[in-house]
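Chain and residue survey
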Amino acid sequence: MDEKASEREAQEPQRSEAEEKDIIQSLFEIEEAICAFGDYRRAHKKECFNLVRRIKLLGPLLEEVRENGAPLSEKSVACFGNLKKAFICAKKLLKTCHNGSKIYLALDSEGIAAKFRAVYEKLNRALETIPYEELGISDEVKEQVELMHSQLKRSKRRTETQDIELAMDMMLVFSKKDDRNADSAILERLANKLELHTIPELQEETNAVKQLVKEGGGWPSPEMIQQIMDVLNKFKQIAGVKETSGSMEETENASPPNKCLQKCQSLSIPNDFLCPITLEIMSDPVIVATGQTYEKTSIQQWLDSGHRTCPITRQPLAHLSLAPNYALRNLITHWCEMYNVELPKREADTSTGSASQQTQEISTIVQNLSSSQLEVQRSAVIEIRKLSKENPDNRILIAKSGGIPSLINLLSYPDSRIQENSVTALLNLSIDETNKRIIAKEEAIPAIIEVLKHGSVGARENSAATLFSLSMVDDNKVAIGSLNGIPPLVDLLQNGTVRGKKDAATALFNLSLNPVNRGRAVKAGITKPLLQLVTDKQLGMVDEALSILFLLSSNPEGRSEIGQISFIQTLVELIKEGTPKNKECASAVLLELAANHSPHLLAALQFGVYEHLLELAKNGTNRAQRKAQSLLHYMSKCEQIP
């Protein structure tokens, strides 16, 4: 059924006999359309499945109404009319979560959550007015619907570590002004979480963002659209894909990519003639090891970015040779001649010579890292640091030339400048996923930890950032923890500069995703500096500190240290007067503490948390509302509410 037509129907009075019979059928049709969506974007997947499950629970009710066949009273028609409006809103929301922009859904999670709440409110209003006896509904179905109705009223959902991790990454990406490569590591993890790291996924996201802009309506705002585009371009850069230039408006109104095709936009170009990466007609098609065909410049850029898989099949490439697809090129040429279309001219292939020259230059610089002359070494490590900062290709070439072991050796060099530049170069190199594993395999972690302990201020900060980047790999989380990397990070968190504290907090958060490391962090004395950060609003690290405390509160020793009366009072004050994000994080920590130790809940009540939780349950962020509702439920269950 057409969605707009459904909306118009939902707004009109349901009075005629035909309409009374059709309303139940239309509810079935909408339910069927909702169930057909199947899967949903990761950011709101659980909430979507919860909503679909609840709508399915209404199926037996609708079946009994249809089977009974009795005429619907005006009251029943009004009830099912309201239910239809709720179904239509649910369908629209679920469609957005099914094929909408992944970045938008993660960025505007609170707005999407508000839409879920609106759907639940509509369902609640409709279910409150069901005349069960009049409709002849069985006791079994009535009990099922009423149970679902009561669950809706106090809908809550446990937020898992993965959700916290995603929220932390989004917060860091959109709030940090520091443009070091540590942030690229966060972007890389975020791209993986949002499933935006392959060519097809990025193409689909680009189209979803364009559709978002096309629908308009004033939301998302132009500022949010630009944020989405900026992050999307960063994801494309990580994947080695050509970025979308300009604003979204420019992108929407842009001319076709090949100017020579402007005069024949109505032509339907055969799909086999289009490069799967750029979706443009190919002028120099080549075949990769898996048998797939791509435009040569596009697939070369993909390979130069360090990828060793086929963009479409994602299978490992047995070799990196590119074979010209002469048969397809002839077909494309013949088609263009037939329709008088001029293909874009192929650029002269100078990449081989240029790449060979770059490889030789990098190889020479890497050799100079082992020079016996101090100034030559200093110059070489500075050059490696610069080359590895921006260019993904250089990171691969430096690693292939043996640069990583040479840089690791320089970490123990007595010259502080060489040491700092070496660890920063390793930070830059670690952006590449393969390099992360190479760096760890070459036993760099102990040397990086030593720099973290004894290096200069800048070296210590970049060592922390490097450990964070390496800890993207789960095995490296374990290695860093077992090699005593956590105590010096805690020391930096306690005594470092503002930038050092932020680097340490980011690394410690990532490491604390491993349960064993949480105990190590507590033993290293992490609680004290975290509690100081929570009360020091000038540093702007309240949310980061609370996010780590949330993870630590699942550890028995962590709960024991965190659950001080003074800290409970601080949490209550943040729930009362903090920023929306402060309130969300504070309520999450309080819930974790209260769920494992009821005296914490009683202490919070004594500090007046009850009224603030009532307010938070109504007007907080999505996660804050869930946490507040759960806390209120615990209070009721423990009979702690007067």
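Cut-offs used in this document
- Residues numbered from 1 in each chain as written.
- Predicted model: local features only at pLDDT ≥ 70, side-chain atom pairs only at ≥ 80, totals over all residues.
- Heavy atoms only, no water.
- Patch = residues over 30% accessible without salt bridge, like charges linked within 9 Å, V, L, I, M, F, W, Y side chains within 5 Å.
- Areas by Shrake-Rupley, 256 points an atom, 1.4 Å probe, with all protein chains shown as cover.
- Salt bridge = Lys/Arg side-chain N within 4 Å of Asp/Glu carboxyl O.
- Lys, Arg positive; Asp, Glu negative; His and termini not counted.
- Charge placed at Lys NZ, Arg CZ, Asp CG, Glu CD.
- Helix = DSSP H or I, 4+ residues; strand = E, 2+ residues; numbered from the N terminus.
- Buried < 20%, exposed > 50% of the residue type's maximum accessible area, 1.4 Å probe, protein only.
- Axes fitted to C-alpha atoms, helices over the stretch in contact; angles between N-to-C directions.
- Parallel < 35°, antiparallel > 145°, perpendicular 65-115°, else oblique.
- Left-handed = near helix turned anticlockwise from the far one by under 90°.
- Contact = heavy atoms within 4.5 Å.
- Nonpolar A, V, L, I, M, F, W, Y, C, P; charged D, E, K, R; others polar.
- pLDDT = per-residue confidence, 0-100.
- Core = buried A, V, L, I, M, F, W, Y, C linked by side-chain atoms within 4.5 Å.
- Pairing = 2+ DSSP bridges.
- Phe/Tyr/Trp six-rings, centres within 6.5 Å; stacked < 30°, edge-to-face > 60°.
- Lys NZ or Arg CZ within 6 Å of the ring centre and 35° of its normal.

Regarding a negative patch on the surface
- Together, Asp-139, Glu-140, Glu-143 and Glu-146 make up a negatively charged patch on the protein surface.
- Note on placement: Glu-140 falls in helix α9 (residues 139-153).

Things to note about unusual backbone geometry
- Even without being a glycine, Glu-195 presents a positive backbone phi close to 60°.
- With respect to the secondary-structure elements, Glu-195 resides in the loop between α11 (181-193) and α12 (199-215).
- Overall, Glu-195 belongs to the partly exposed group, its relative accessible area being 37%.
- A positive phi angle, close to 65°, is found at Asn-484, a residue other than glycine.

A short note on the pattern of salt bridges
- Tallying each qualifying case throughout the model produces twelve salt bridges.
- In this structure, Asp-491 and Arg-460 form a salt bridge, with 2.9 Å as the shortest nitrogen-oxygen distance. Placement of Asp-491 in helix α26 (residues 486-495) and of Arg-460 in helix α24 (residues 457-470) is noted, with a sequence separation of 31 residues between them.
- With relative accessibility at 35%, the residue Asp-491 sits in the partly exposed group.
- Glu-461 serves as the salt-bridge partner of Arg-499, at 3.5 Å between the closest nitrogen and oxygen. Of the two residues, Arg-499 sits in helix α27 (residues 498-511) while Glu-461 sits in helix α24, which places them 38 residues apart along the sequence.
- Accessibility expressed as a relative area gives 8% for Glu-461, which makes it buried.

What to know about the packing of α26 against α27
- Taken N-terminus to C-terminus, the directions of α26 and α27 make an angle of 140°; their axes are 8 Å apart at the nearest point. Relative to α27, the element α26 lies oblique. Once α26 is placed against α27, the crossing between them reads as left-handed. Contacts between α26 and α27 involve Ile-486, Leu-489, Val-490, Leu-492, Leu-493, Gln-494 and Asn-495 from the former and Gly-500, Lys-501, Ala-504, Ala-505, Ala-507, Leu-508 and Leu-511 from the latter.
- Along the lines of polarity and charge, the residues of the contact of α26 with α27 split into ten nonpolar, three polar and one charged.

Notes on the confidence of the model for the chain
- For the chain, the average pLDDT comes to 81, and 83% of its residues sit at 70 or higher.
- Low confidence marks residues 1-16, where pLDDT is under 50. Its contacts with residues over four positions away, or in another chain, come to 23 contacts.
- Counting interchain partners and residues more than four positions distant, the pLDDT-below-50 stretch residues 156-162 has 18 contacts.

Overview of the nonpolar core
- Core analysis: the largest hydrophobic core is formed by 94 residues, its most contacted members being Ile-526, Leu-546, Leu-549, Phe-567 and Val-609.
- Counting residues in hydrophobic clusters, the runner-up holds 62 residues, among them Leu-93, Leu-105, Ile-112 and Ile-137.

A look at the sheet that holds strand β1 (residues 285-287)
- With antiparallel pairing, three strands are arranged side by side in an open sheet as β2-β1-β3. Of all the strands in the sheet, just β2 (293-295) and β3 (323-324) have a single pairing partner and so form its edges.
- Of the pairings in the sheet, the one linking β1 to β3 comprises two bridges and is antiparallel in character. Within β3, the position partnered with Ile-287 by the bridge is Ala-323.

A closer look at the packing of aromatic side chains
- For the structure on display, the rule yields three aromatic pairs.
- Relative to Tyr-40, the ring of Phe-37 lies with its centre 6.4 Å away and its plane at 70°, an arrangement referred to as edge-to-face.
- A ring pair is formed by Phe-273 and Trp-335, whose centres lie 6.0 Å apart and whose planes are at 75°; its orientation type is edge-to-face. Pair noted here: Phe-273 is in the loop between α14 (248-252) and β1 and Trp-335 is in helix α16 (residues 326-338), with a separation of 62 residues, a long-range link.
- Here the aromatic cluster, defined as three or more aromatic residues joined through ring pairs, consists of Phe-37, Tyr-40 and Phe-49.
- Across the ring face of Phe-28, the terminal group of Arg-66 is positioned such that the distance to the ring centre comes to 3.9 Å.

Here we look at the packing of α24 against α27
- Remark: α24 packs on α27, axes separated minimally by 8 Å, with the N-to-C direction vectors making an angle of 20°. Taken together, the axes of α24 and α27 are roughly parallel relative to one another. You can see that α24 and α27 cross each other, and the crossing is left-handed. In this structure, α24 contributes Glu-461, Asn-462, Ala-464, Ala-465 and Phe-468 to the contact, and α27 contributes Arg-499, Gly-500, Asp-503, Ala-504, Thr-506, Ala-507 and Asn-510.
- In the contact of α24 with α27, the residues fall into five nonpolar, four polar and three charged.

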